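One-letter residues, chain by chain:
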Amino acid sequence: MSEVTRAFTLGPALLFVPADRPERLSKALERADAAILDLEDAVSADAKSSARDAMIAADPDPERVIVRVNGPRTPDFAHDLAALAHTRVRRVMVAKAEDPASLGLLERFEVIALCETARGIVHAEQLAALPQVVALMWGAEDLVASLGGTSSRRDDGGYRDVARLARARVLLAAGAFGKRAIDAVHVDIADLEGLSAEARDAAASGFAATACIHPGQVATIREAYAPSAHLVAWARGVLDAAEGERGVFRYEGRMIDEPILRHARSVVARATS
């Protein structure tokens, strides 16, 4: 594949669907920007084989479906790859990605490396450097579990410092290698206010998308990623003003230089995508 075909262009709302419930896939694609057909945590151990069969029978749309496979350290990983050979799927999310060498069998796919263990976070830069990797995602609950912890969040609902560090490291690793970053799911389905705040922060920080586990979360994520009309107007205004300026200039009382212009270009790009 060329670098163009490997570019991650999905988002901003990616909805997980259990692979053993393929009847939910079409509805997920109606609601979300893309669906993540999950062969890992959403499927019990005794149902994984039937889930693979269901995935093959569903003939997932290669343009808008990502398949999450089990971690490379598990026996199910090889079975998942064998099943994928019978589908048109070309985007794969690798659960508990840790060792770059373990992704060597996925060179024909566009890979999303899911960093959700301490080892995975530490190796985020190495994973992002792989040519088949188009994006990184991080997972809070598995990460804390891998450390022996019990919760990724404080009593006030915010992430603990270790989770915030992992989130930032994955975003930085992805950006360093020109890849996209996907923010973790918000597991409190009813907490749309908290989801909105996190998704707005994700968009402002540079994440390309946020994954979710319930259709009711999709609209909140989309709204959070869409720049406001006021912000779009400002971005277009400052870019127009820049055409007649050389170097640093002032716009609406604010100093404008190249980093600010890049922010403005990003806003316009999000508004037109």
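Every chain is numbered independently, its residues counted from 1 as its sequence is written. With pLDDT at 70 or above as the cut-off, local features in this predicted model cover only qualifying residues; side-chain atom pairs require 80 or more to be listed or tallied, and sums for whole chains, interfaces and linings still use all residues. Water and hydrogen atoms were dropped before computing side-chain values, which therefore reflect all heavy atoms in the structure.

Going from G11 to P12, the amide bond is cis rather than trans, its omega being 10°. Strands here are runs of E lasting at least two residues and helices are runs of H or I lasting at least four, both read from the DSSP assignment and numbered beginning at the N terminus. Along the chain, P12 turns up in the segment before β1 (13–18). Although it is not a glycine, E252 adopts a positive phi angle of roughly 50°. Relative to the assigned elements, E252 resides in the loop between β9 (249–251) and β10 (254–256). Think of it in three bands: residues with accessible area under 20% of the maximum for their type are buried, residues over 50% are exposed, and the middle band is partly exposed, with areas taken using a 1.4 Å probe on protein chains only. Look at E252 and you get exposed, because its relative accessible area is 63%.

A word on the pairing of strand β3 (residues 65–69). Buried residues dominate β3, accounting for 5 of its 5 residues. Where burial is concerned, the two faces of β3 agree: the one with V65, V67 and V69 and the one with I66 and R68 are both buried. Think of it this way: DSSP has to see at least two bridges between two strands before they count as a pair. Across 4 bridges, the pairing between strand β2 (residues 34–38) and β3 is parallel. Each residue of the ladder has a partner; that of D38, found in β3, is R68. A crossover counts as right-handed when, viewed with the strands pointing away from the observer, the path leading from the first strand over the helix to the second turns clockwise. Remark: the β2/helix α2 (residues 48–58)/β3 crossover connection has right-handed handedness. Of the strand pairs in this sheet, β3 and strand β4 (residues 91–94) are connected by 3 bridges, and their pairing is parallel. Note that in β4 the partner of R68 across the bridge is M93. Each parallel crossover has a hand, and the one from β3 via helix α3 (residues 76–84) to β4 is right-handed.

Between its first and last C-alpha, helix α11 (residues 258–272) extends 21 Å over 15 residues, near the 21 Å set by a 1.5 Å rise per residue. Three or more residues of α11 are buried, namely I260, L261, A264, V267 and V268. The buried side chains of α11 occupy one side of the element, clustering within an arc of 115° when seen end-on. What a helix is expected to span follows from its residue count: subtract one and scale by 1.5 Å. As used here, the arc belongs to the directions running from the helix axis to the C-beta atoms.

A separate point is the packing of aromatic side chains. Two rings from Phe, Tyr or Trp (for Trp, the six-membered ring) form a pair when their centres sit within 6.5 Å of each other. Planes less than 30 degrees apart are called stacked, planes more than 60 degrees apart edge-to-face, and all others tilted. Under the counting rule described, the total for this entry stands at 1 aromatic pair. When the centroid spacing of 5.2 Å and the interplanar angle of 65° are considered together, the rings of W138 and Y159 count as edge-to-face. With W138 in strand β6 (residues 133–138) and Y159 in the loop between α6 (140–146) and α7 (161–176), the pair connects residues that are 21 residues apart, well separated along the chain. We note that W138, like Y159, is buried.

So, about the packing of helix α8 (residues 192–205) against helix α9 (residues 218–225). Geometry of a packed helix pair, given as the angle between the helix axes and the separation of the axes. What counts as an axis is a line fitted to C-alpha atoms, over the stretch in contact for a helix, and the angles between N-to-C directions run from 0 to 180 degrees. Their axes nearest at 8 Å, the elements α8 and α9 cross at an angle of 35°. Crossing geometry of α8 relative to α9 is assigned as right-handed. Seen from α8, the contacting residues are L192, L195, S196, A199, R200, A202 and A203; seen from α9, they are T220, I221, A224 and Y225. Polarity classes work like this: nonpolar for Ala, Val, Leu, Ile, Met, Phe, Trp, Tyr, Cys and Pro, charged for Asp, Glu, Lys and Arg, and polar for all others, with Gly in that last group. Each residue belonging to the contact of α8 with α9 can be placed in one class, and the counts come to 8 nonpolar, 2 polar and 1 charged. Crossing handedness: left-handed means the near helix sits turned counterclockwise from the far one by under a right angle, and right-handed means the same turn made clockwise. Whether two residues touch is decided by their heavy atoms; if any such pair falls within 4.5 Å, the residues are in contact.

To continue, consider the environment of E223. Relative to the assigned elements, E223 resides in helix α9. On the basis of relative accessibility, which here comes to 63%, the residue E223 falls in the exposed class. Between the C-alpha atom of E223 and that of A199, which follows or precedes it by 24 residues, the distance is 8.9 Å.

The domains assigned to the protein are domain 1 (13–225) and domain 2 (229–271). In this document the domain limits rely on a domain assignment from an automatic tool or a database. Each of domain 1 and domain 2 has a C-alpha centre, and these two points are 33 Å apart.

The next point concerns the sheet that holds β6. Strand order in the closed barrel made by the 8 strands is β1-β2-β3-β4-β5-β6-β7-β8, with parallel pairing throughout. Averaged over all adjacent pairs, the angle separating strand axes in this sheet is 25°, with direction ignored. In this sheet, strand β7 (residues 180–183) lies alongside β6 in parallel orientation, the contact comprising 3 bridges. Among the inter-strand pairings, A135 is bridged to a residue of β7, identified as R180.

Two cysteine sulfur atoms form a disulfide, by the criterion used here, when they sit within 2.5 Å. Taken as a whole and assessed by the stated rule, the structure comprises 0 disulfides. Unpaired in this structure, C115 has its nearest cysteine sulfur neighbour in C212, at a distance of 20 Å.

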